[in-house]
Amino acid sequence: MSDVAAEAVAAEAEDVKACCARTYQQDVVALILGESYHPGGLELTRRLAQKLALKPGQRVLDVASGPGTTAFLLASEFGVAVDGVDLGDRAVAMAGAKARDRGLAESVRFHVGDAERLPFEDGAFDAVVSECAFCTFPDKPTAAAEMARVLKPGGQVGITDVALDQARLAEELKSLAGWVACLADARPLAEYVAILAAAGLETTHTESHDEGLAQMIEQIDARLVAFKIAKLPAIEEIDFDLARRRTALAAQAVADGIAGYKLLVAAKA
Amino acid sequence: MTMTPPRQKADRDEVFLEYTKSICPVCKTVIDAEVNVKDNRVFLRKRCAEHGKFEALLYSDAKMYFDSLRYNKPGTIPLETQTEVVNGCPLDCGLCPEHKQHACLGIIEVNSGCNLDCPICFADSGHQPDGFELTLEQVETALDAFVRSEGEPEVVMFSGGEPTIHPLILDFIKMAKDKGVHMVTLNTNGIRLAHDRNFVRQLAELKPLVYMQFDGLDESTHVAIRGRDLRSAKEKALAHCAEFGINVSLVAAIEKGLNEHEIGEILKFGVKHPAVRSVAYQPVTHSGRHVEFDPMQRLTNADIIHALADQVPEWLRLSDFVPVPCCFPTCRSITYLLIDEDNVVPIPRLVNVDDYLDYVSNRVMPDMSVRGALERLWSASAVPAGEEGNTTAPLECATCGIDLPEALKDLADKSFMVVIQDFQDPYTLNVKALMKCCVEEITPDGRLIPFCAYNSVGYREQVREQLSGVPIPTIVPNAAGLQPVLLTTRYGSKTHQNGDGAGHTPANGTNIGKTLR
């Protein structure tokens, strides 16, 4: 690849990341996705924490922390100290305010930062979690390498994410909006395992939670309809019929086994 | 020589679930009871020393029964209780200090007379010359007791009899409002609303919510349950309510084999009608007067939820119904629909209700304000939204749980409530559920008696006898297995032929009060 072409690709990747973070910060997306930004909800976050065997006092990094739901749960139910990092400065500010409201400002901190350039020292964390976000990172090998770098030796990565067979995915879901919906750059589970392995993270456990993804897609569709009924101004910003067609396509992809939701734990050697 | 085969131990064909108390449906003696699960259905079984064994279906979907148990909110202690614990539940109503919940909804039955003589009436009302009508003073005593117990009561329902034929009904509603009751509902068959437009106009000024009996759209349903074809009267009553802006909840009594097939049509009718904001389905309560039934085949909440999912699949499915946490969660389930010309969506599909209303798993709430909002929606005191409705704010909040644009404030106008409520009868009475009941009959002597205790244990007979001065026999369910021993009372209900009637206290047939040595 020429330098110019590489720059163009890099620029495009930066655009995608910025767009993704921006989209997640918009009210309409926040409204539609609600408090829980990932399939499986709080139950799956708890399960992830149990699989990581988190212990009180440990230090955990949440990559793409969004509204902070995962971080708050880990801190309050598992007694760990959490740093959340997210590309969206507004999300970070709001999550920080929530941490203060909940009296968790001591144990949970949020930072603006890029998954591909984590603003932390080597070996700083006992565990790294990332929920429904790895699939959206444009440069997954670098993001995996960064996770490995900030982990202590023997530390673990816990990921819950969309897995899918790109070759069988409907064309329409491969567009940018599809990307935001966590589908367009998701990979099959085996590919995540390979990306992590290349970064020195050996997968020790995987499980499927596809029903959580089906439920979330249905909830997104229900919220679209509710906001249409409410004649929400924000709903006028998006193409309602197109959005519903995409949720139908996504639901079909889950039903056909093309898309699913996986929990994965990997350890740093 | 013949060999006797070795005897094999057999397994029971049911799962033993709970040990509780109930009553004998014949003599009303308090007896032990057990709850068992068999073939994915939940049954209550008990034995009276004198009248034998009784078993009845409690819930026809055991999985749904188990799932609902997590929705059990810790009760709230009322400001004042009215009785002391003397004989134990359910003989000390009420409320006694051991009751587990305050009263979300208080019912005042203002008369026993009615302008109908329905074959099905838990109050055993009708064109009867020997009934009662409460005075203004008696209603005031009842309201004052409710206010002392609740502070600011949420909902008072005026019922009967037929409350609209009481000459003072408008005064009663005004008095309740003046005493700070948030919402007054009027439980009526709609006949006066159909024929007396001027009454509806006066009623509208007091802004009550009308609970109107509405059991179906078929003539045969009306005849079987109400004894008359009331379809045109219902239509006129609803038109008058729409004309004067009164919100209506349709109340459908559903009986096995009579009108189960109309469950979906009732909802569709309600959604389309401008006056109707809610439908409440009630499996027929086998207290008072009713057609003969089989307690093992009776209709339960689960049957109605399944019927809605089967008959209106384009709108509803099983998981759209959420148990109400304030009462015992198997007693009542609710859902809300958001509706406009083109779209329908049930609220539980918008928000993970489970994340907020599961009180059994010790959990960290994503957002306490959302739990509060959902508790107001899933409550026995929830009323459909409207000008005076209280669901507007929580609806907005519950829908998304985060910053809300102004536009969402109109959402309440587009919400429609669907309630499913099973009342206990002398066969199904489970003291465990009764102890957390939050729907109370308020009596003119100032007691708050849980509705299902009132109908099943003998309180209704006691209060009616006090108020009318006429001896009232102990009412026994018109159950298939009891037919040989039943006599018809002068109001059409049934009693035992040997007259376990007024004033007779049968011997206690349980282990209560006995010791081993």
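The structure under discussion appears in the preceding block.
Residues numbered from 1 in each chain as written. Chains lettered and ligands numbered in written order. Predicted model: local features only at pLDDT ≥ 70, side-chain atom pairs only at ≥ 80, totals over all residues.

*Asks:* How do you make sense of the environment of methionine 435 of chain B when you look at a structure like this?
*Replies:* Looking at where methionine 435 of chain B falls in the secondary structure, it is placed in the loop between helix 13 (431-434) and strand 15 (439-442). For methionine 435 of chain B, the residues in contact, after removing those within four places along its chain, are Cys89, His99 and Lys100 of chain B. (Helix = DSSP H or I, 4+ residues; strand = E, 2+ residues; numbered from the N terminus. Contact = placed C-beta atoms within 7 Å.)

*Asks:* Even after reading the chapter, I still don't get the pairing of strand 5 (residues 151-164) of chain A, so can you show me in this structure?
*Replies:* Looking along a regular strand, one sees the side chains alternate between the two faces of the sheet. Residue and element names in this part refer to chain A. Among the 14 residues in strand 5, eleven count as buried, and that is most of the element. As paired strands, strand 5 and strand 7 (residues 259-268) are joined by nine bridges and run antiparallel to one another. Its bridge partner being in strand 7, leucine 164 is matched across the sheet by alanine 259. (Buried ≥ 20, exposed ≤ 12 C-beta atoms within 10 Å, placed from the backbone. Pairing = 2+ DSSP bridges.)

*Asks:* Explain helix 15 (residues 459-468) of chain B to me, please; I cannot follow it from the model alone.
*Replies:* Along an α-helix, residues three or four apart share an orientation, since each turn contains 3.6 residues. Residues and elements named next belong to chain B. The set of residues buried in helix 15 consists of Tyr459, Arg460, Glu461, Val463, Arg464 and Leu467. Packing partners of the buried residues in helix 15 comprise strand 16 (448-450) and helix 14 (451-456). Just downstream of helix 15 lies glycine 469, where phi reads positive at about 75°.

*Asks:* Explain the sheet that holds strand 3 (residues 108-112) of chain A here, please?
*Replies:* Paired through their backbone hydrogen bonds, the strands of a sheet run either parallel or antiparallel. Residue and element names in this part refer to chain A. Read from one edge to the other, the open sheet built from seven strands follows the order 3-2-1-4-5-7-6, with strand pairing classed as mixed. Each end of this open sheet is capped by a strand with a single partner; those strands are strand 3 and strand 6 (201-208). Across this sheet, the average inter-strand angle for adjacent strands is 20°, counted without regard to direction. The sheet strands contacting helix 4 (residues 69-78) are strand 1 (59-63), strand 2 (81-86), strand 3 and strand 4 (125-131), and the helix crosses strand 2 at an angle near 175°. Docked against the sheet, helix 8 (residues 189-198) engages strand 5, strand 6 and strand 7, running at close to 160° with respect to strand 6. (Axes fitted to C-alpha atoms, helices over the stretch in contact; angles between N-to-C directions.)

*Asks:* I'm lost on the nonpolar core in this one. Help?
*Replies:* Nonpolar side chains in soluble globular proteins tend to end up buried together. Core analysis: the largest hydrophobic core is formed by 223 residues, its most contacted members being Val128 and Met147 of chain A together with Phe158 of chain B. With ten residues, the single largest contributor to this core is helix 9 (residues 210-229) of chain A. (Core = buried A, V, L, I, M, F, W, Y, C linked by C-beta atoms within 7 Å.)

*Asks:* Please clarify how the sheet that holds strand 3 (residues 41-48) of chain B should be interpreted in this entry.
*Replies:* Residues and elements named next belong to chain B. If you walk across this open sheet you meet the four strands as 1-2-3-4, and the pairing is antiparallel. Pairing within the sheet leaves two strands with one partner each, and these edge strands are strand 1 (15-23) and strand 4 (52-59). Each strand of the sheet is rotated relative to its neighbour by a mean of 25°, with strand direction disregarded. The pairing of strand 2 (residues 30-38) with strand 3 spans six bridges and is antiparallel.

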